[in-house]
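# Survey of secondary and tertiary structure
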Amino acid sequence: MKFVTFDAGKIGAVVGADVVDLSSLAPTAPEEFPPTAMVRFIADYAKNLPRLPEAIERGARKLVSACDLQAPILWPNKIVAYPANYHAHFEEMKVKTGLISTYKADGQGFFLKANSSLNGPSDPIVLPKVQGREVHHECELAVIIGAGGRDISRDAAMDHVFGYSCLLDIVIRGKEERVMRKSFDSFCPMGPWIVTKDEAPAENDIQMSLSVNGVEKQRANTRNLIVDIPEMIKMASSVMTLYPGDIIATGTPAGVGPIASGDKIRIEIAGVGAMELDVVQGAGGGHEVWNKSADQPGGPAT
Ligand code: MN
């Protein structure tokens, strides 16, 4: 199945070219704050599954192309993100930053990205007004947690995966804290839907690519991950409880590069989905903190 959040907080299933409104299964009204409908739908999925056929048969339909698709999950408990998780990207960042480093996901672990940076598949990436810095695209597979847990073993890890989505981990390069550089509003486009694990390729053979203005920049397969998906779940859950709807950004392959206002970025993940995003210049986002450290190497830079 493919599940979406659309039209200001409704949840739905994608059936053919249509979105079917699943409001009859939604635990909260679309306008409710915080918008937790999809998180709770995932948490109650075992209970929802037998009710899905009838809800899909009876639900109102609308063309996907006529829907305002939002990030499928609007209010996760957390976004876990793994840096330097493909060998080739690790090598390119050593060159770009001048670091002689062993800084990789298998020795460094993960970071968190602000939940409020989530953005929908039809929303633009808004560049902050920060002078003299590059904002980079990072093409990533998002893993969506279904059943939560703590200290999850490698063997059990895939039982905790609900599904997958396309995700961009947008970042300002520089030496400031990674969470700050990666957490601007709109810096985490996700979508266009969640595809459930049973309909997706095996987790160790998922092919992804990203292009800017029609030119391919990144291409990779999850078989080349340094820390694979079961290990990411084991590692994250060794530190903190994972909850239904938590998002894991699995890391980006080689080929990251700058984006600019007017660019069109397309991410495509085989068996998962694709989305094309506009980049626009925003009026806000400046702060003197950025002036103090521009272009200084020395920090983690993924
Ligand atoms: Mn990343």
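Residues numbered from 1 in each chain as written. Predicted model: local features only at pLDDT ≥ 70, side-chain atom pairs only at ≥ 80, totals over all residues. Heavy atoms only, no water.

Right, let's talk about the nonpolar core for a bit. I125, Y164, I229 and I233 are the most contacted members of the largest nonpolar core, which totals 49 residues. Looking at this core, the elements that each hand over two or more residues are β9 (125-127), β11 (139-145), β12 (161-168), β15 (207-212), α8 (229-239), β19 (264-269) and β20 (273-281). Apart from the residues lying within four places of it in its own chain, the contact partners of I233 are I145, I152, A157, V161, L242 and I248. One finds L25, L52, I144 and L167 within the second-largest nonpolar core, a separate group that totals 30 residues. (Core = buried A, V, L, I, M, F, W, Y, C linked by side-chain atoms within 4.5 Å. Buried < 20%, exposed > 50% of the residue type's maximum accessible area, 1.4 Å probe, protein only. Helix = DSSP H or I, 4+ residues; strand = E, 2+ residues; numbered from the N terminus. Contact = heavy atoms within 4.5 Å.)

Attention now moves to the layout of surface pockets. What the second largest pocket holds in volume is close to 190 Å³. Around the second largest pocket, the lining comprises 14 residues; the ones closest to its centre are Y45, G146, A147, V161 and F162. Counting residues per element, the ones that place at least two in the lining of the second largest pocket are α1 (37-43) and β12. The class makeup of the residues in the lining of the second largest pocket is eight nonpolar, three polar and three charged. (1 Å grid on protein atoms, 1.4 Å probe; cavity = no way out; pocket = protein on both sides within 12 Å on 5 of 7 lines; lining within 4 Å. Points joined across faces, edges and corners; volume = space filled by probe spheres on them. Nonpolar A, V, L, I, M, F, W, Y, C, P; charged D, E, K, R; others polar.)

With that settled, the discussion passes to the pattern of salt bridges. For the coordinates displayed, the defined rule picks out 16 salt bridges. A salt bridge links R61 to D18; its shortest N-O distance comes to 3.2 Å. Highlighted residues: R61 in strand β4 (residues 61-63) and D18 in strand β3 (residues 18-21), separated in sequence by 43 residues. We classify R61 as partly exposed; its relative accessible area is 46%. Using a relative accessible area of 18% as the deciding quantity, one classes D18 as buried. E231 serves as the salt-bridge partner of R154, at 2.8 Å between the closest nitrogen and oxygen. On the criterion of sequence distance, the pair formed by R154 in helix α6 (residues 154-157) and E231 in helix α8 is long-range, its members being 77 residues apart. Given a relative accessible area of 37%, R154 falls into the partly exposed group. Through salt bridges with shared partners, one network takes in K113, E138, D169, R173 and K182. (Salt bridge = Lys/Arg side-chain N within 4 Å of Asp/Glu carboxyl O.)

The next point concerns the coordination of the manganese ion. Under perfect tetrahedral coordination by four donors, a metal shows angles of 109.5 degrees; under perfect octahedral coordination by six donors, it shows angles of 90 or 180 degrees. At this site the manganese ion is bound by E138 (OE), E140 (OE) and D169 (OD), with donor distances of 2.0 to 2.1 Å. Site description for the manganese ion: donor spacing in sequence, E-x1-E-x28-D. The residues E138 and E140 share a single accessibility class, namely buried. (Donors = N, O, S within 2.8 Å, 3.2 Å for Na, K, Ca; no water.)

Another point: the confidence of the model for the protein chain. Per-residue pLDDT for the protein chain has a mean of 93; in total, 95% of the residues score no lower than 70. When the criterion is pLDDT under 50, residues 298-302 qualifies, and its contacts beyond four places in sequence or with other chains add up to 22 contacts. (pLDDT = per-residue confidence, 0-100.)

If you check which residues of α8 are buried, you get I229, P230, M232, I233, A236 and S237. When α8 is viewed along its axis, its buried side chains cluster within an angular range of 160° and face the same direction. Buried positions along α8 lie against β6 (79-81), β11, α6, β12 and β17 (247-249). (Arc of directions from axis to C-beta.)

Here we have five strands laid out as an open sheet, ordered β9-β20-β19-β15-β16, and mixed in their pairing. Edge positions in the sheet fall to β9 and β16 (215-221), since each of these pairs with one other strand and no more. Strand-to-strand, the axes of this sheet are offset by a mean angle of 20°, without reference to chain direction. The pairing of β15 with β16 spans six bridges and is antiparallel. Following the sheet pairing, S211 is matched in β16 by E216. (Pairing = 2+ DSSP bridges. Axes fitted to C-alpha atoms, helices over the stretch in contact; angles between N-to-C directions.)

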